[in-house]
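Residue-level listing of the chains:
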Amino acid sequence: MDGMYFSTERELLDNSIVFSQRHVEGKVDMMLYKGGAYVLGRSSEPSNLYSETEASMDSQGGFSPDISGFNAIQAIQLEKDGAAKIQQGEPLARGL
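Predicted model, so just to flag it, every value in this text is computed and none were measured.

On to the overall build of the protein, then. A count of helical and extended segments in the protein gives four helices and two strands. The burial tally for the protein puts 10% of its 96 residues in the buried class. For the protein, long-range pairs separated by at least 24 residues make up 23% of all intrachain contacts whose partners lie at least 6 apart in sequence. Looking at the protein as shown, the accessible area adds up to about 8500 Å², and 57% of this sits on carbon and sulfur atoms.

Here's what the structure looks like:
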């Protein structure tokens, strides 16, 4: 890391990763062999943040190829994240 381990940039990156993963749960089965790490499988309890039917343009239908279709897809993530924050009693925004 060219001596950057003690930098504020590394601290920011570490804190960003911890914050983004605070609700992530699950299990990863790995195998270590001759200096390599191999993922054998992943599992987690079903989450209310992801729905294959809501995330699929094919199943949703009606999305136009212009910017409004893109915005509609992005809104799905924001709605799910906001609902999860409300359910957990967290504020929707901080520092405003």
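Bringing the pairing of strand S1 (residues 27-33) into the picture now. Strand direction decides the pairing type here: S1 and strand S2 (residues 36-43), joined by seven bridges, are antiparallel. Residue Met-31 lies in a different strand from S2, and its bridge partner there is Tyr-38. In textbook terms, the turn of a hairpin is the stretch between consecutive antiparallel strands, and for S1 and S2 this stretch comprises two residues, one of which, Lys-34, has a positive phi near 50 degrees.

The pLDDT averaged across the protein works out to 80; a share of 75% of its residues lies at or above 70. Mean pLDDT values over the elements of the protein span from 60, in helix H3 (residues 57-60), up to 94, in S1.

Attention now moves to the pattern of salt bridges. Scanning the entire structure with this criterion turns up three salt bridges. One salt bridge in this structure joins Arg-10 and Asp-14, with 2.3 Å as the shortest N-O distance. Here Arg-10 and its partner Asp-14 are both found in helix H1 (residues 8-20), four residues apart, which amounts to about one turn of the helix. For Glu-90, the salt bridge goes to Arg-22, with nearest N and O atoms at 3.5 Å. With Glu-90 in the segment after helix H4 (67-87) and Arg-22 in the loop between H1 and S1, this residue pair connects regions lying 68 residues apart in the sequence. Among the residues examined, Glu-90 registers a relative accessible area of 18% and is labelled buried. Residue classification places Arg-22 among the partly exposed residues on the basis of a relative accessible area of 35%.

Scoring rules and cut-offs
- Residues numbered from 1 in each chain as written.
- Predicted model: local features only at pLDDT ≥ 70, side-chain atom pairs only at ≥ 80, totals over all residues.
- Heavy atoms only, no water.
- Helix = DSSP H or I, 4+ residues; strand = E, 2+ residues; numbered from the N terminus.
- Buried < 20%, exposed > 50% of the residue type's maximum accessible area, 1.4 Å probe, protein only.
- Contact = heavy atoms within 4.5 Å.
- Areas by Shrake-Rupley, 256 points an atom, 1.4 Å probe, with all protein chains shown as cover.
- Pairing = 2+ DSSP bridges.
- pLDDT = per-residue confidence, 0-100.
- Salt bridge = Lys/Arg side-chain N within 4 Å of Asp/Glu carboxyl O.

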